[in-house]
Amino acid sequence: MAGYQTYINSMNERIRNQFSNSSPFDFKHISPLKSIENFNDVGPSVVMASPSGLQSGLSRQLFEMWCYDKINACVIPGYVVEGMLAKTIINEPKEVTLMNGLTAPLNMQVHYMSFSAHADFAQTSTFLKELMPPNIILVHGEANEMGRLKQKLITQFADGNTKIISPKNCQSVEMYFNSEKMAKTIGRLAEKTPEVGETVSGLLVKKAFTYQIMMISMSSCSYPQNISQRITIDHTGAFGVLKHRLKQMFESVSMNGCPAFCVHERLTVEYESEKHISLRWRSDPISDMVSDSVVALVLNISREIPKVVVESEEATKTEEENNKKAEKVIHALLVSLFGENGRLIISVDGNVAHLGKQSGNVESENEGLKERVRVAFQRIENAVKPIPLSVS
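Every chain is numbered on its own, with residues counted from 1 as its sequence reads. For this predicted model, a pLDDT threshold of at least 70 governs which residues receive local features, and a threshold of 80 or more governs which side-chain atom pairs are given and counted, while totals over whole chains, interfaces and linings are taken from all residues. Processing note: side-chain calculations cover all non-hydrogen atoms of the structure and skip hydrogens and water entirely.

**Q** Help me out: how do you make sense of the layout of surface pockets in this one?
**A** Empty space among the atoms can be located by rolling a probe the size of a water molecule over them. A volume near 1,100 Å³ is recorded for the largest pocket. Tyr 79, His 118, Ala 119, Asp 120 and Glu 145 are, among the 28 residues lining the largest pocket, the residues nearest its centre. Where helices and strands are cited, they refer to DSSP runs of H or I of at least four residues and of E of at least two residues respectively, numbered from the N terminus. Of all the elements in the fold, those that place two or more residues in the lining of the largest pocket are helix 4 (85–90), helix 5 (121–131) and helix 6 (143–156). Examining the composition of the lining of the largest pocket, we find that six residues originate from one element, helix 6, more than from any other. Lining residues are those with an atom within 4 Å of a point, where the points come from a 1 Å grid over the protein atoms alone and group into cavities, where a 1.4 Å probe fits but cannot get out, or pockets, open sets with protein on both sides within 12 Å along at least five of seven lines. Grid points are joined across faces, edges and corners, and a volume is the space filled by probe spheres set on the points.

**Q** When you look at the sheet that holds strand 16 (residues 351–355) in this model, what are you seeing that I'm missing?
**A** Note: strands within a sheet are paired through backbone hydrogen bonds, in either parallel or antiparallel orientation. By the convention used here, strands pair only if DSSP detects at least 2 bridges between them. Strand order in the open sheet formed by three strands is 15-16-17, and the pairing between neighbours is antiparallel. Each end of this open sheet is capped by a strand with a single partner; those strands are strand 15 (345–348) and strand 17 (362–364). For this sheet, the mean angle separating the axes of adjacent strands, direction not counted, is 20°. Where strand 16 meets strand 17, three bridges bridge the pair, whose relative direction is antiparallel. If you follow His 354 over to strand 17, its bridge partner there is Glu 363. Axes here mean lines fitted to C-alpha atoms, for a helix over just the part in contact, with angles spanning 0 to 180 degrees between N-to-C directions.

**Q** So what exactly am I meant to see when it comes to the pattern of salt bridges here?
**A** Side-chain pairs of opposite charge can arise where the charged atoms are in close proximity. For this analysis, a salt bridge means a side-chain nitrogen from Lys or Arg found within 4 Å of a carboxyl oxygen belonging to Asp or Glu. All chains considered together, the criterion is met by six salt bridges. The partner of Glu 145 in a salt bridge is Arg 148, and the shortest N-O contact between them spans 3.3 Å. Of the two residues, Glu 145 and Arg 148 both sit in helix 6, three residues apart, roughly one turn of that helix. Of the charged contacts, one joins Glu 371 and Arg 374 as a salt bridge, the two residues approaching to 2.6 Å between their closest N and O atoms. Of this pair, Glu 371 and Arg 374 both sit in helix 10 (residues 367–384), three residues apart, which is roughly one turn of that helix.

**Q** Please explain the side chain of Ser 291 as it appears in this structure.
**A** By secondary structure assignment, the location of Ser 291 is in helix 8 (residues 285–304). Classification of Ser 291 as buried rests on a relative accessible area of 2%. Whether two residues touch is decided by their heavy atoms; if any such pair falls within 4.5 Å, the residues are in contact. Sequence-distant contacts of Ser 291, defined by excluding residues within four places in its chain, comprise Leu 267, Leu 279 and Trp 281. We call a residue buried when its accessible area falls under 20% of the maximum for its residue type, exposed when it is over 50%, and partly exposed in between, using a 1.4 Å probe and counting protein chains only.

**Q** What is the right way to look at the packing of helix 5 against helix 6 in this model?
**A** Packing of helix 5 against helix 6 leaves a shortest axis separation of 12 Å and a crossing angle of 40°. Taken together, the axes of helix 5 and helix 6 lie oblique to each other. Handedness of the crossing formed by helix 5 with helix 6: right-handed. Here Phe 121, Ser 125, Leu 128 and Lys 129 of helix 5 come into contact with helix 6, specifically with Leu 149, Lys 152, Leu 153 and Gln 156. An angle below 35 degrees is read as roughly parallel, one above 145 as roughly antiparallel, one from 65 to 115 as roughly perpendicular, and any other as oblique. By the definition used in this description, the sense in which the near helix is turned from the far one sets the handedness, with an anticlockwise turn below a right angle giving left-handed and a clockwise turn giving right-handed.

**Q** I'm lost on the confidence of the model for the protein in this one. Help?
**A** Close inspection of predicted coordinates is inappropriate in any region flagged by low pLDDT. The predictor's confidence in any single residue is recorded as pLDDT, a number from 0 to 100. Mean pLDDT over the protein: 81, with 87% of residues reaching 70 or higher. Low pLDDT, under 50, characterises residues 307–312; the predicted model gives this stretch two contacts beyond four residues in sequence or across chains.

**Q** In this structure, what is going on with the pairing of strand 12 (residues 260–263)? I would like to understand it.
**A** Every regular strand shows the same layout, with side chains that alternate between the two sheet faces. Taking every second residue as pointing to the same face, both faces of strand 12 are buried, with Ala 260 and Cys 262 on one and Phe 261 and Val 263 on the other. Across three bridges, the pairing between strand 11 (residues 253–255) and strand 12 is antiparallel. Bridge pairing links Met 255 to Phe 261 in strand 12. Here strand 11 hands over to strand 12 after four residues, with Gly 257 in that stretch at a positive phi of 90°.

Listed below in structure tokens is the structure:
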């Protein structure tokens, strides 16, 4: 019942209004049973338990508690699989085997009710008569029952060409179908209605699931054609930066004149002006895909890296500021790793290591600490320093 109360908002308005006052799933004589330990076996009761095959779980535990007494009853509603305890007790044996391996007398009453969502033979055969399929494959059932069903269906469909198969598990089944396709004639072919058995010659054109036949002549005969495409894109960044980024994405980027380069020998990128570049390629599925990737890369570069002209003096000043910032970040990260212990003099468990701020050299008598500091400094330095962009 907890599941129903959890999804109360998915129910209709009447149930939601009723739930606001009192839960409609709280019953006076019906309650959920989580485990056998919560069951108070006093007085008469009806328990709906699973699994229906009585192979384990709460239903098996209750069965072993009640199978001794003839006043108790077990009702099996629906189909049970061969080999399960529920299938065994339908035949009402005198004894049953418990989960602990011991035997116990079966004195309780056993009743079987056909309360299943499966169709019986009458319903299945009526359904197949309406469809009259060329192939019938029987799966999901006991081998003996499936064999009986197969024989009855063979007798029923003896006059037709229906193929009835009952494969074993993992057995392959092959079916053959004859499909008919309809094509419409257009143009001059549609001027005359062809006679029965007459052959119609023309060009068959398929679009989605429709077919059309048109007449072809020497003047309109189709030959394989090549389509060359060219596109011009706004790009104000350095041409060398674009080449560097393309080499990171594609394996083959080679020079093709000056200033131009070729991507995978399919697409040529040319420098047109300070504000434009052009792409040329011969259209095919792979080249079109490469061109789409290059166009996306160029547009992203234009958005991410604005063109900035920096004088040499300002560049030197910026580099010095970056180095100072990097040293501060490196020092802070090393302190977080090894503790606050002076300026790049690292002490861990009595072992001391000296780290050069510029060179990154580490001196320590403890080889383990020395290697640990060296690797940490190298990783931190690679992470905090800016990546240089090649301009050529």
